[in-house]
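Spelled out from the first residue to the last, the chains are:
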Amino acid sequence: MLKSIIKKPGFILVALGSVVFLLIVVMLSLQNFGVETTYNSEEHGYTIKFNSNDITYETILLDGKNRIYMDRFLAVKNRECYISVTSIGKDTNLEETLENFQSDGSYSFTIDEQGIYGAGNYPARAISYEDKAGKETLQVTYYYDEAHGIFVTVCTDEKNRKLLSEVLKALTIKE
C-alpha cells in the first residue's frame, strides 16, 4: 500500500511543498533571532558581543590629524542610545576636563571612584549625569579606565537600559 502511495505524483508534490514550507518558516524565524556578532577592536584592545538585530556598529573619526577613532554600538530602536569606546591618552587630565564641563553650570556629574564595567568587572571611574535636552531623558555614564587606556560611554533611555547593560557586560578587555 505504501508503494502505491509513493508512486503517485501528488504525493511527491505534497512532500516537496511541505519541505519548501518548512524551509520558509525556518528562514523567517531565523530573522527574528538575529545574528550573534563579535566585534574585535585591535585599536582599543577589547572584544564585545551583541545581537545584530538589536545593535548596529559604526566607527567615527574623532581626529583626522592623529587618526583617533571611536567605536559606537547603537540601539536599533533608538539611535540616541549607544555604547562607545575610544582610547584615552596618558596625558589626559580628567579633573581639568570635568571642571571645564561643569564650570558653566550645564553639567552636574555624579562620580563613583569604585565603578566597574564589562565582563571582567574592570575598575574605572564612573562619571554619570542625566541629559534632559532631547524629547526623552537619557542616562549617560562614562567609564574612565585609565589602566586599560579606554573611555567607555553608555547613553541610554529607560527602554534600552537592559539591552545596553547586557552589551556592556559582554565587553572583554584583552590583557
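Summary of the structure given here. Source: prediction; values computed, not measured. (Residues numbered from 1 in each chain as written. Predicted model: local features only at pLDDT ≥ 70, side-chain atom pairs only at ≥ 80, totals over all residues. Heavy atoms only, no water.)

### Some thoughts on the packing of aromatic side chains
Under the defined criterion, the tally for this structure stands at eleven aromatic pairs. With centroids separated by 5.3 Å and ring planes inclined at 20°, the aromatic side chains of Tyr142 and Phe151 adopt a geometry described as stacked. Pair check on accessibility: Tyr142 and Phe151 agree, each one buried. Taken together, the aromatic side chains of Tyr39, Tyr46, Phe50, Tyr57 and Phe73 make up a single cluster linked through ring pairs. The positively charged end of Arg72 is found above the aromatic ring belonging to Tyr82, 5.1 Å away from the centroid. (Phe/Tyr/Trp six-rings, centres within 6.5 Å; stacked < 30°, edge-to-face > 60°. Buried < 20%, exposed > 50% of the residue type's maximum accessible area, 1.4 Å probe, protein only. Lys NZ or Arg CZ within 6 Å of the ring centre and 35° of its normal.)

### Some words on the environment of Leu171
Relative to the elements of secondary structure, Leu171 occurs in the loop between helix H4 (161-169) and strand S10 (172-173). As a C-alpha pair, Leu171 and Phe50 span 121 residues in sequence and 9.5 Å in three-dimensional space. In contact with Leu171, other than residues within four places in its own chain, are Tyr46, Thr47, Ile48, Val85, Tyr117, Gly118, Ala119, Gly120 and Tyr122. (Helix = DSSP H or I, 4+ residues; strand = E, 2+ residues; numbered from the N terminus. Contact = heavy atoms within 4.5 Å.)

### Examining the sheet that holds strand S8 (residues 138-145)
A sheet is described by the order of its strands in space; here seven strands give the open sequence S3-S4-S5-S9-S8-S7-S6, paired in antiparallel fashion. With one partner strand each, in any of the chains shown, strand S3 (55-63) and strand S6 (110-117) form the two edges of the open sheet. Pairwise comparison of adjacent strand axes, ignoring direction, gives a mean angle of 25° for this sheet. For strand S7 (residues 122-131) and S8, the ladder comprises seven bridges, and the chain directions are antiparallel. Considered in S8, the bridge of Ala126 is made with Tyr143. (Pairing = 2+ DSSP bridges. Axes fitted to C-alpha atoms, helices over the stretch in contact; angles between N-to-C directions.)

### Quick notes on the sheet that holds S10
The three strands lie next to each other as S1-S2-S10, forming an open sheet whose pairing is antiparallel. Since the sheet does not close on itself, it has two edges, and those belong to strand S1 (36-41) and S10, each with one partner.

### As for the nonpolar core
Tyr117, Tyr143 and Val152 are the most contacted members of the largest nonpolar core, which totals 36 residues. Breaking this core down by element, the ones donating at least two residues are strand S2 (46-51), strand S4 (68-75), strand S5 (78-87), helix H3 (94-102), S7, S8, strand S9 (150-156) and H4. Setting aside residues up to four positions removed in sequence, Tyr143 forms contacts with Ile116, Tyr117, Ala124, Arg125, Ala126, Ile150, Phe151, Val152, Val154 and Leu168. (Core = buried A, V, L, I, M, F, W, Y, C linked by side-chain atoms within 4.5 Å.)

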